[in-house]
Amino acid sequence: MIREYRQYTLDEVCNFLLEKKNTLIIFHVRPDADAIGAAFALKLVLEAMGSKTICTCESEIPSRLAFLTDKHQRSARFENMDRSFEFQRVVTIDTASPSQLGNLQKLFEDKIDLMIDHHENGIKYADYYIRSDYAASGEIIYEIASRLVEMGKLDEIPRDAYDLIYAALSSDTGCFKYSNVSAHTHLCAAELIGAGVDTAEINHRLFDCKSEKMLAAEAAGIQNIKFFSNRKIAAIMFPYDLKQKLELDDEHLETLVDVARAIDGVKIALSARQSTAYRSFRISLRSSCGFDVSAVAKHFSGGGHAKAAACTIEADSIEFAVRLVVDEIIKRWGKN
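First things first, this report covers the structure right here in the doc. Model, not experiment: these values are computed from the prediction. (Residues numbered from 1 in each chain as written. Predicted model: local features only at pLDDT ≥ 70, side-chain atom pairs only at ≥ 80, totals over all residues. Heavy atoms only, no water.)

### Brief notes about helix α12 (residues 318–333)
Quick note on the threshold: Put simply, DSSP H or I for four residues or longer makes a helix, DSSP E for two residues or longer makes a strand, and each gets a number counted from the N terminus. Multiplying 1.5 Å by the helix residue count minus one yields the expected span of that helix. Exposed residues in this analysis have more than 50% of their type's maximum accessible area, buried residues have under 20%, and partly exposed residues fall in between, with area computed by a 1.4 Å probe over protein chains only. Note: the arc covers the axis-to-C-beta directions of the helix.
Its 16 residues give α12 an end-to-end C-alpha distance of 22 Å, which sits within 8% of 22 Å, the value for a rise of 1.5 Å per residue. When we look at burial in α12, the residues that qualify are Ile-318, Ala-321, Val-322, Val-325, Val-326, Glu-328 and Ile-329. The buried residues of α12 occupy an angular sector of 155° when the element is viewed end-on, so they sit on one face.

### A look at the pairing of strand β2 (residues 53–56)
If a strand is regular, its side chains alternate between the two faces of the sheet. Applied cut-off: Between any two strands, pairing holds if DSSP finds at least two bridges. Call a crossover right-handed when, viewed with both strands pointing away from you, the route from the first strand across the helix to the second goes clockwise.
Burial along β2 is two-sided: the residues Thr-53 and Cys-55 and Ile-54 and Thr-56 are all buried. In this sheet, β2 lies alongside strand β1 (residues 23–27) in parallel orientation, the contact comprising four bridges. What sits directly across from Ile-25, in β2, is Cys-55. Considered for its hand, the β-α-β crossover made up of β1, helix α2 (residues 33–48) and β2 is right-handed.

### Side note on the sheet that holds strand β11 (residues 308–314)
Remark on secondary structure: sheet strands pair via backbone hydrogen bonds, oriented parallel or antiparallel. Cut-off, in case you're wondering: In what follows, a contact means two residues having at least one pair of non-hydrogen atoms within 4.5 Å. In this analysis, axes come from line fits to C-alpha atoms, helices being fitted only over the stretch in contact, and the angle between any two N-to-C directions falls in the range 0 to 180 degrees.
Strand order in this open sheet of six strands is β6-β7-β8-β9-β11-β10, and the pairing throughout is mixed. One side of each edge strand has no neighbouring strand; the edge strands of this open sheet are β6 (225–228) and β10 (303–304). Pairing of β6 with strand β7 (residues 233–238) involves four bridges; the strand directions are antiparallel. Residue pairing in the sheet places Phe-227 in a bridge with Ala-234 of β7. Across the sheet, helix α8 (residues 212–222) is in contact with β6 and β7; its angle to β7 comes to roughly 120°. Of the strands in this sheet, β6, β7, β8 (268–273), β9 (280–287) and β11 are in contact with α12, which crosses β7 at around 160°.

### Description of the sheet that holds strand β5 (residues 128–130)
In spatial order, the strands read β2-β1-β3-β4-β5; together these five strands make up an open sheet with parallel pairing. With partners counted over all chains shown, the strands left at the sheet margins are β2 and β5, one partner each. Pairs of neighbouring strands in the sheet enclose a mean axial angle of 15°, with direction left out of account. Along the sheet, helix α1 (residues 10–17) makes contact with β3 (89–93), β4 (114–117) and β5, crossing β3 at roughly 135°. Contacting β3, β4 and β5, helix α4 (residues 137–150) crosses the sheet at an angle of about 115° to β4.

### Details of the packing of α2 against α4
Operational definition: Angles below 35 degrees are treated as roughly parallel, those above 145 as roughly antiparallel, those between 65 and 115 as roughly perpendicular, and all remaining angles as oblique. Two helices crossing with the near one rotated counterclockwise from the far one by less than a right angle form a left-handed crossing, whereas a clockwise rotation gives a right-handed crossing. Put simply, Ala, Val, Leu, Ile, Met, Phe, Trp, Tyr, Cys and Pro go in the nonpolar bin, Asp, Glu, Lys and Arg in the charged bin, and everything else, Gly too, in the polar bin.
The interhelical angle for the contact between α2 and α4, taken along N-to-C directions, is 15°, at an axis separation of 8 Å. Compared by their axis directions, α2 and α4 come out roughly parallel. Note on packing geometry: the crossing formed by α2 with α4 is left-handed. For the pair α2 and α4, the contacting residues are Asp-34, Ala-38, Ala-41, Leu-42 and Val-45 in the first and Ser-137, Gly-138, Ile-141, Ala-145 and Leu-148 in the second. Partitioning the contact of α2 with α4 into residue classes produces seven nonpolar, two polar and one charged.

### Here's the deal with the state of the cysteines
Note the following rule: Put simply, a disulfide is two cysteine sulfurs that come within 2.5 Å.
This structure, assessed with the given rule, holds zero disulfides. Take Cys-55: it sits in no disulfide, and the sulfur closest to it among the cysteines is that of Cys-57, at 10 Å. Given the relative accessible area of 0%, Cys-55 is considered buried. Of all cysteine sulfurs in the structure, the one in Cys-175 sits closest to Cys-209, which takes part in no disulfide; the separation is 13 Å. Classification of Cys-209 as partly exposed rests on a relative accessible area of 30%.

### Concerning the pattern of salt bridges
For the record, the criterion: Counted as salt bridges are all cases of a side-chain nitrogen of Lys or Arg within 4 Å of a carboxyl oxygen of Asp or Glu.
Inspection of the entire model under this criterion finds 20 salt bridges. A salt bridge links Asp-316 to Arg-279; its shortest N-O distance comes to 3.9 Å. Taken together, the positions of Asp-316 in the loop between β11 and α12 and Arg-279 in the loop between β8 and β9 put the pair 37 residues apart, joining distant regions of the chain. For Arg-323, the salt bridge goes to Asp-327, with nearest N and O atoms at 2.7 Å. Placement of the pair is Arg-323 and Asp-327 together in helix α12, with a separation of four residues, close to one helical turn. In this structure Arg-323 comes out as partly exposed when scored by relative accessible area, which is 34%. Ionic contacts of the salt-bridge type, sharing partners, join the residues Asp-11, Arg-147 and Glu-150 into one network.

### A closer look at the environment of Phe-228
In this structure, Phe-228 sits in strand β6. Taking the C-alpha atoms as reference points, Phe-228 and Leu-18, separated by 210 residues in sequence, lie 51 Å from one another. Ignoring sequence-local partners within four residues, the contact set of Phe-228 consists of Ile-233, Ala-235, Val-322, Arg-323 and Val-326.

### A short note on the packing of helix α5 (residues 159–172) against helix α7 (residues 199–208)
Closest axis-to-axis distance for the α5/α7 pair is 10 Å, and the angle between their directions is 50°. Relative to α7, α5 is oriented oblique. Crossing geometry of α5 relative to α7 is assigned as right-handed. Within the contact between the two elements, α5 uses Asp-163, Tyr-166, Ala-167, Ser-170 and Ser-171 and α7 uses Thr-199, Ile-202, Asn-203, Leu-206 and Phe-207.

In structure tokens form, the structure reads like this:
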């Protein structure tokens, strides 16, 4: 029997969250600044209203994004979570499908009380508040926090939450250059700037700072590009043995898809990364045209946006995984 989940209104979400309860906030594996910023901003809001709150994820916060969370929580990795914490409420943030919870899916799939997300193509797995017209989950958290202030339930938005929300917005919009940016996004950003956010510093940390290992991954990725459909599709393959050879971690591979997307003439880019020796491949997809890559990701039980999506595929080889995705793209592209 397929369970139907309830769609919350903004005020219903606020009323649900203002109850003082020990809260566990979970976000997706291999988290980006939107997932992290939104989750930790909500943590600060809930704590300001008296709820003890822990943010957690299967993965640890990437070192390049630790500046967002270091003073708020020692670690977000579930393995490091205080086991004495007895949660009474579970909220997921920026997680479009239960598979994106990684190993936490089996532990929490039937315990999630609320799903907060902004992806237009995903799988509803709990009662939800989804704003697919918003550019980032951080935009939703700002809406919730602002409404709580209007309702008189929150004295003021915590100062650090402004920085976290701005980082979420800037990250998921590519520093406000992607097509998901709306007038509301800019108005939201303007209010955050008015609250004193140091936008130059945050954007520098998000977009201009790359470790030597990340640059090494990009250089190696350039050597592992394959083109399809008259070079309109570009795919970077990064197998586990290459990752081991260069002594890289998963976080060093995050920008590979952007390398492929930056090539002149490429309309659809993808990267395939193998985290372990197990034959499982993380596929990131980007579109620079009218093609909806989220439909492709959803076909493989993933999710995301029309212009940016991801999924995980189990296959005998990284080449075969890429071929599966490329074939699906070509099949759907031909129907456009």
